[in-house]
Amino acid sequence: MEEKQKNNRNYNVFFNTHTVSGIVISVGLFVCFFAGSFALFLDNINRWENNTIKGEYREDIDFERALALVKADGYNLNDRTINMGYREGANPFIYVSSGALKVEADSITGKKYSSERDSISKSGFYFMIGPDTYEVRSKEFIRDREHLGSYLYALHYFEPIPVVGIYIAGFVALFFLFAIITGIIVHWQKIISNFFTFRLKATIKNLWTDAHTALGVIGIPFQFMYAVTGAFYGLSLLVYLPTLLFVFDGDTDKMISSVFPNIINLEKSGEQLVERADINKLTESYLKELDDLEVENVFLNVINYNNSNAHITFTANIDTESHFFNSTFSIYRLSDGTLVKQKPLSENAYEGSVLSVVRNLHFAQYGGYFIKGIYFLLAMITCFVIISGVMIWLAAREKKMYEHRKKFNTYVGAIYLGLCLGLYLAIAFFFCLTKILPAEMANRFDIMTAMFYSFWFGYTVYAYFSKNYFRITKNALIAAGILGIIIPVLNGIHSGLWFWKSLPLGYMDSFFIDVSWLVMGVITLIAAYKSKPTHKKEKPVGKEHSVERGQKSKIPVMSKERVKEPILVARSSQGI
Amino acid sequence: MPANRKYLIQSGWTRFSKVMAAILGSLLATYALHIALGYLLDISVILNTSIYSIFIVWVAFMMMVYWIKKAWKSWAILALTIAVSSIVIYAGKTGMI
């Protein structure tokens, strides 16, 4: 008896923590997964928006010329660690960047930094330089967020919320991890039997519960991975800070080289580098070594610039579809260009690999469209698990004993559904906007984001006044379905890249996004028209509805075969 | 079917104490454990592992806090973890290991 009491206690405690943590993070988590599932296709969406084709890595960049531009601007390059590279994108650019110098005096000339003018020459910079004309576009980093894909990406970790946004996202991911583990514990004893249960004709609460548990179990590995990696990306500061303070005594350089083995750490020699190898020639010979591989990007890192022990590291990222571990690097001594250290593509030490595994898993960078498609589906399933979780919470409170809070609960549910389904609608609307508003408009992107948020907020307000969950869902799906079908049409009118023309012309991204929206729009409309408000209300409270464990439901369970199709409809009715 | 109230904590203070133990106490214990292991084993391996293990261990401590009925018992376990780890860290810092 005591054993049973204990089990009941554990069950109820974990059930409660699962509910509380789940409800608290629900809206945030929904935004993470929903916007994030679009952000998987960030580059595709950006190229679709700008009607461009994926660019290749440029091998003809004159880094010496870029360095000379920085020097001409009055920065003292001696002793610096300098990063250089080329960024492909809508506006490709060469970057040359360095953090502020932390030294008292120039180690080569021995001159002390003291006056006001010197403080500029030792400060940090981020030069963005045009790759064809070598004009300086900017002396500090300007984040290029003014594209639809990039904006959805930023939205998925709440960057629009100033400063704290990403930390909120990190904590949402952390509590998501807590919620999925408690969820599995609560569900453990019935994990197999309930997996094959789908009581479609029983009460609405049974329907939500079965959908929540079965789809939740299917998505567990995926969700666990995203909870951990998402928490890391949001709270990476929390990961590194204690080790930095307690083990490395605040010395960032030392710590960085143990996380990134391609960054070495050498004392400055204090002697002038008299003659050095040409960086462009070194780049050329490095790229020649990688000749048979498809190079996505190369990063250059020079340490102790102008010191006699200056070194340069080339880190290359190879295309991820053929190599899961896609990073290789070589370190050369800059004085004579001899190779000091090398990591071939096939040798992957534990240190340094963890981060690339995390990155590959989180950004689905390892299997092309197929893996991204599966990620998208699983993300949609997760969105459905989140919504159904809240629906269970609400349905469980449609009882006499919660009568006094009925009004409040109804409003919470309506606003919740308005926010979730409104996001789908607003994203579809955002896609349309990019093809409607004229390109030469002033503040075009700000207007678009303002309209996106107004639309989203507007739908939530509508939901608040409507209070009819079925209507809120159905109307959002109908509208989003129609907008989804309109998107490829608008793109065709706007750019002439109709999806039957874009593929032969080589506009893969344009074709992919158009067709995806078309399919998504059609599925959404079918789901909307198939959905019917036929569910019975929860029966009044009785003994059989309390949460003692091990109790069997009195409602007959449908067989697996008969319910195959309704599961799909129920799932897709929430947003695929 | 909200959880049965009779099994949940009623007192506001105990609840607050549990939340603090779950979030703050667990985080500190996780940190201490990781840094101590870093001194015992290889710091760069532990640092790379902590990219994912920090969150898993943190959540495991959170679960422990809610699993153990009495809040003071969970605090005691967390404090013990921190204390033992601190001794290891101290030994590591002063070069004894």
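Residues numbered from 1 in each chain as written. Chains lettered and ligands numbered in written order. Predicted model: local features only at pLDDT ≥ 70, side-chain atom pairs only at ≥ 80, totals over all residues.

(A) Broad picture of the overall build of chain A. Of regular secondary structure, chain A possesses 18 helices and eight strands. Dimensions of chain A, computed from C-alpha atoms along their principal axes, come out at roughly 90 × 65 × 50 Å. Sequence-distant contacts in chain A: of pairs separated by 6 or more residues, those separated by 24 or more amount to 73%. (Helix = DSSP H or I, 4+ residues; strand = E, 2+ residues; numbered from the N terminus. Contact = placed C-beta atoms within 7 Å.)

(B) Structural context of the sheet that holds strand β5 (residues 295-303) of chain A. Residue and element names in this part refer to chain A. Here eight strands make up an open sheet; going across it, the order is β4-β3-β2-β1-β5-β6-β7-β8 and the pairing antiparallel. Strands with a single pairing partner mark the edges of an open sheet, and in this sheet they are β4 (136-138) and β8 (339-343). With direction set aside, neighbouring strand axes in the sheet form an average angle of 20 degrees. Here strand β1 (residues 82-87) runs beside strand β2 (residues 93-98); their pairing, made up of five bridges, is antiparallel. Note that in β2 the partner of Arg 87 across the bridge is Phe 93. Together, β1, β2, β3 (125-129), β4 and β5 form the strand contacts of helix α3 (residues 63-72), whose direction differs from that of β3 by roughly 125 degrees. The strands touched by helix α10 (residues 279-289) are β5, β6 (311-318) and β7 (327-333); relative to β6, the strand with the most contacts, the crossing angle is about 40 degrees. (Pairing = 2+ DSSP bridges. Axes fitted to C-alpha atoms, helices over the stretch in contact; angles between N-to-C directions.)

(C) Focus on the nonpolar core. Residues Phe176(A) and Leu177(A) are the most contacted members of the largest nonpolar core, which totals 122 residues. With 17 residues, helix α12 (residues 368-396) of chain A is the single largest residue contributor to this core. In this structure Leu177(A) touches Ala227(A), Val228(A), Ala231(A), Phe55(B) and Val59(B), once residues within four positions along its chain are discounted. In terms of nonpolar packing, the next biggest core, distinct from the first, is built from 28 residues, Ile61(A), Met84(A), Val96(A) and Ile312(A) among them. (Core = buried A, V, L, I, M, F, W, Y, C linked by C-beta atoms within 7 Å. Buried ≥ 20, exposed ≤ 12 C-beta atoms within 10 Å, placed from the backbone.)

(D) Broad picture of helix α11 (residues 350-363) of chain A. Between its first and last C-alpha, α11(A) extends 20 Å over 14 residues, near the 20 Å set by a 1.5 Å rise per residue. In the stretch just after α11(A), Ala364(A) is the one whose phi turns positive, near 50 degrees. (Expected span 1.5 Å × (residues − 1).)

(E) Focus on the environment of Ile279(A). All names here are of chain A. You can see Ile 279 is positioned in helix α10. A sequence separation of 156 residues divides Ile 279 from Lys 435, and the C-alpha atoms of the two residues are 43 Å apart. With residues up to four places along the chain from it excluded, the contact list for Ile 279 reads Phe 63, Glu 64 and Ile 312.

(F) Looking closely at the interface of chain B and chain A. Taken together, the contacts link 27 residues of chain B with 33 residues of chain A. At the level of secondary structure, the elements contributing two or more residues to the side of chain B that touches chain A comprise α1 (12-40) and α2 (43-67) of chain B. Top contributing element to the side of chain B that touches chain A by residue count: α2(B), with 17 residues. Its residues assigned to classes, the side of chain B that touches chain A comprises 21 nonpolar, six polar and no charged. (Nonpolar A, V, L, I, M, F, W, Y, C, P; charged D, E, K, R; others polar.)

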